[in-house]
Amino acid sequence: MLGITDRVRKAIRLVGESFEVASVAHRGVFSIATSEVAAKYADQAAVDSSNRPLWLIIVPDNDTTSVVDTIDYAGESLAILNIVQRRHRGAVLFRIILAH
């Protein structure tokens, strides 16, 4: 499984954008999530009461961001709604962060 995990890490490193958590640099692939997509990763009530836009951020499996952190990205401070791990055959390939 290390091969596929390494490929995902490399892809995120190549196409991802920089962001900071507690002044520590991270990389992730950012996209704006619709309410319907966001509801797959967080409670519907939390999604409905969140500021817009909702950000879906794909980070490597070894990213250290936690739900209590604040993300600094493009001059904005983003609160994290949830973090979900995506697995393949038991190994974590990447993590999805839902933030607003």
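Structural data are supplied above this passage.
What you are looking at is a predicted structure, and each value in this text was computed from that prediction instead of being measured. (Residues numbered from 1 in each chain as written. Predicted model: local features only at pLDDT ≥ 70, side-chain atom pairs only at ≥ 80, totals over all residues. Heavy atoms only, no water.)

## Some remarks on the side chain of Asp 61
Part 1: As for its placement among the helices and strands, Asp 61 is situated in the loop between β3 (54-60) and β4 (70-73).
Part 2: Within polar-contact distance, the side chain of Asp 61 engages the side chain of Arg 9 at 2.7 Å.
Part 3: Excluding residues within four positions of it along the chain, Asp 61 makes contact with Thr 5, Arg 9, Val 92, Leu 93, Phe 94 and Arg 95. (Helix = DSSP H or I, 4+ residues; strand = E, 2+ residues; numbered from the N terminus. Polar contact = N/O pair within 3.5 Å; in protein donor to acceptor, adjacent residues only side chain to side chain. Contact = heavy atoms within 4.5 Å.)

## Side note on the pattern of salt bridges
Part 1: Under the counting rule described, the total for this entry stands at two salt bridges.
Part 2: For Asp 6, the salt bridge identified is with Arg 9, shortest N-O distance 4.0 Å. Pair noted here: Asp 6 and Arg 9 are both in helix α1 (residues 2-15), with a separation of three residues, about one helical turn.
Part 3: What makes Asp 6 partly exposed here is its relative accessible area of 38%.
Part 4: Through salt bridges with shared partners, a single ionic network connects Asp 6, Arg 9 and Asp 61. (Salt bridge = Lys/Arg side-chain N within 4 Å of Asp/Glu carboxyl O. Buried < 20%, exposed > 50% of the residue type's maximum accessible area, 1.4 Å probe, protein only.)

## Examining the sheet that holds strand β5 (residues 76-88)
Whenever strands of a sheet pair, they do so through backbone hydrogen bonds, lying parallel or antiparallel.
Part 1: Ordered by their spatial adjacency, six strands build a closed barrel running β1-β2-β3-β6-β5-β4, and the pairing between neighbours is antiparallel. Between one strand axis and the next, the sheet turns by 45° as a mean value, whatever way the strands run.
Part 2: Sheet topology note: the strand β2 (residues 24-33)/β3 ladder contains five bridges and is antiparallel. Within β3, the position partnered with Phe 30 by the bridge is Ile 57. (Pairing = 2+ DSSP bridges. Axes fitted to C-alpha atoms, helices over the stretch in contact; angles between N-to-C directions.)

## Notes on unusual backbone geometry
Part 1: Between Arg 52 and Pro 53 the backbone carries a cis peptide bond, its omega angle lying at 0°.
Part 2: Summarising the element assignment, Pro 53 is placed in the loop between α3 (44-48) and β3.
Part 3: Phi is positive for Ala 22, which is not a glycine, with a value near 50°.
Part 4: If you trace the backbone, Ala 22 turns up in the loop between β1 (17-21) and β2.
Part 5: Note on Ala 22: relative accessible area 64%, which makes it exposed.
Part 6: Positive phi outside glycine occurs at Ala 74, with the angle close to 50°.
Part 7: Note on placement: Ala 74 falls in the loop between β4 and β5.

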